[in-house]
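Residue-level listing of the chains:
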Amino acid sequence: MDATRPSAGFRWWAVPWPVWLVAGLMVAGLLGLSGAYGFHGDEMYFVVAGRHPAFGYVDQPPLTPLLSAASVAILGVSPEAVRILPAVEMALVVIVVAFVARDLGGSRRAQVLAAVTASVSGYLGAGHLATTTELDLLVWAVVMWLLVRVLAGGDARLWLAVGVSAGIGLENKDTLTFLAAGLAVGVLLCRRWDVARSPWAWAGVVIAAVLWAPNLIWQSVHGWPQLTMASQIAGYAATNRAQILPFLWLFTGPLLFPVCIAGLVWVLGSRAAAVWRPLGIAAVVAMVLVLLSGGKAYYAIGSAPLFMAAGGIVLDRWIARGHRWLKLAGLATAAVVSGALVAVLTLPVLPVADYAETTLPATVPDTANQIGWPQFVATVEQVVTELPPEQRAHAMILANDYSEASPLILLGKELPPVYSGHNSYWTWGPPPAERTVVVHVGDWRPGNWAQYFTGCRDVAHIDNRLGIDNSEQGKQVTVCAGIRGSWTTIWPAIRTIS
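Residues numbered from 1 in each chain as written. Predicted model: local features only at pLDDT ≥ 70, side-chain atom pairs only at ≥ 80, totals over all residues. Heavy atoms only, no water.

Draft legend 1. Quick look at a nonpolar patch on the surface. Together, Leu31, Ile74, Leu75, Ile84, Val88 and Leu92 make up a nonpolar patch on the protein surface, roughly 510 Å² of accessible area in all. Elements that contribute at least two residues to the nonpolar patch include exactly α3 (63-75) and α5 (84-103). Examining the composition of the nonpolar patch, we find that three residues originate from one element, α5, more than from any other. Inspection of the secondary structure puts Leu92 in helix α5. (Patch = residues over 30% accessible without salt bridge, like charges linked within 9 Å, V, L, I, M, F, W, Y side chains within 5 Å. Areas by Shrake-Rupley, 256 points an atom, 1.4 Å probe, with all protein chains shown as cover. Salt bridge = Lys/Arg side-chain N within 4 Å of Asp/Glu carboxyl O. Helix = DSSP H or I, 4+ residues; strand = E, 2+ residues; numbered from the N terminus.)

Laid out in structure tokens, this is it:
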């Protein structure tokens, strides 16, 4: 029977109960650790950006900032508030991987094996942070699942769901364009003219374009700042390319990565997988496009659910050949070790004092950058408190980047207005003319910013008091007694997109 053609009593959500258990345990674990250290700078930036509602921002579409701001508005300013959604999103990916395995023709055991593989992979680490990546990964997974069904002869109206999902995803992150380009190549190479001729497929394309249009219009009106952002990222192309293979290895599971490799081989080479070969080609093309464009390593990792699911099928057939319990014991061990390594590298599983004594802060900066924000804010608050009353009345805070501006806005108390020339913060300025005393936080970037200010002196340095060398440790806080010229002339010169 065709796995994509529902039989009587079929339920699209029907997967074995261990899949739901694994997903539930994943959510519980992530939420339990969600407040262990603190915010990441990107998370706080998205909250502040969402408080300035728009159809787009300098460095991303609007969906994640709006969701982050809504989470904080409902639940209060805390890491736990913004991290509920990503935890649930990554658990949903685990469930969708099982859906894909089922619809590829996998047995109940194959579905569980695929779900377990996903649960101890990089999806576990991704579920800890509220960034654009988590929703992007979920949308990729859903789109891949829908394409698996429709390419195998499922209801052609599923193309409409593909369009809706893709359109929502494009309002969060533009990486789905890599998948779209790859799918076009896959359809052509596999001669799937049924797809090219389908009015439902083209309707899906139109739906996605319509949903994406508000962000595209915003970008056009504002001079396409995301293209400038992309060019900045491409400036690190050599580093990004060098990171792709190590990242793929870690993300797919330090010991379980052969599952994805087996799945890729099955999708591209198995006669049984011929109807889904366009998706395998699409994933490869997407990764090639990321390499050529110099994009970040994770931009095309969203195709992993297809290969985890297919790998679960390959594993299931291998287990069925004999020595079942021995093989299952080996797989369980590999899963536990992989999950533990991912957790140690990406989650706040260690007490912060113990974490500070390890090499992990240098190995995975994203975790280190969740530590020290209370001390950071307290240092700036102390500097402001020590200003003479006449200076304090005219003071403003100028942060070097959004990671330094955002905690001052969200966590600071009785601080003067906070500004920055970085990314979308620049669009929310300049300061009013009367704010002429500048408390500058962070590096001077570019180095000639100081030429616009007078009477500058370093008055403090940031210290997280744990000796953790993260992105803010040791940064200076500078007080400048005045500005040269007006803010309307200074502001264009200090814009930074990075």
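Draft legend 2. Broad picture of empty space enclosed by the protein. Enumeration according to the criterion identifies two cavities of 30 Å³ or more in this entry. Here the largest cavity defines a volume of roughly 110 Å³. Forming the boundary of the largest cavity are Thr64, Leu67, Ser68, Ser71, Val82, Leu85, Pro86, Glu89, Ala130, Thr131, Glu134 and Leu135. Secondary structure elements with two or more residues in the lining of the largest cavity: α3, α5 and α8 (132-151). (1 Å grid on protein atoms, 1.4 Å probe; cavity = no way out; pocket = protein on both sides within 12 Å on 5 of 7 lines; lining within 4 Å. Points joined across faces, edges and corners; volume = space filled by probe spheres on them.)

Draft legend 3. How the structure looks around the state of the cysteines. Taken as a whole, this structure holds one disulfide when the rule is applied. For Cys456, the disulfide goes to Cys480, at an S-S distance of 2.1 Å. What sets the handedness of the Cys456 and Cys480 disulfide is the S-S torsion sign, and at about 110° it is right-handed. Taken together, the residues Cys456 in strand β4 (residues 453-461) and Cys480 in strand β5 (residues 476-483) connect sequence positions 24 residues apart. (Disulfide = S-S within 2.5 Å.)

Draft legend 4. A look at the pattern of salt bridges. Under the definition given, this model contains eight salt bridges. The partner of Arg102 in a salt bridge is Asp103, with the nearest N and O atoms 3.0 Å apart. Residue classification places Arg102 among the buried residues on the basis of a relative accessible area of 9%. Arg157 is the salt-bridge partner of Asp155, the closest N and O atoms lying 2.7 Å from each other. According to the relative accessible area criterion, Asp155 is partly exposed, its value standing at 38%. When salt bridges that share partners are traced, they join Arg102, Asp103 and Arg149 into one network. (Buried < 20%, exposed > 50% of the residue type's maximum accessible area, 1.4 Å probe, protein only.)

Draft legend 5. Just the layout of surface pockets, in detail. Approximately 640 Å³ is the volume attributed to the second largest pocket. Taken together, 25 residues make up the lining of the second largest pocket; nearest its centre are Trp159, Ala180, Leu183, Ala201 and Val205. Every element with two or more residues in the lining of the second largest pocket is listed here: α8, α9 (158-170), α10 (176-189), α11 (193-197) and α12 (199-221). The dominant element in the lining of the second largest pocket, judged by the number of residues it contributes, is α10, at eight residues. Taken together, the residues of the lining of the second largest pocket sort by class into 22 nonpolar, three polar and no charged. (Nonpolar A, V, L, I, M, F, W, Y, C, P; charged D, E, K, R; others polar.)

Draft legend 6. Up close: the environment of Asn215. As for its placement among the helices and strands, Asn215 is situated in helix α12. For Asn215, a relative accessible area of 1% puts it in the buried group. Once the C-alpha coordinates of Asn215 and Ala481 are considered, the two residues, 266 residues apart in sequence, prove to be 40 Å apart. Residues in contact with Asn215, not counting those within four places in the same chain, are Phe55, Gly56, Pro61, Pro62, Glu171, Asp174 and Gln226. (Contact = heavy atoms within 4.5 Å.)

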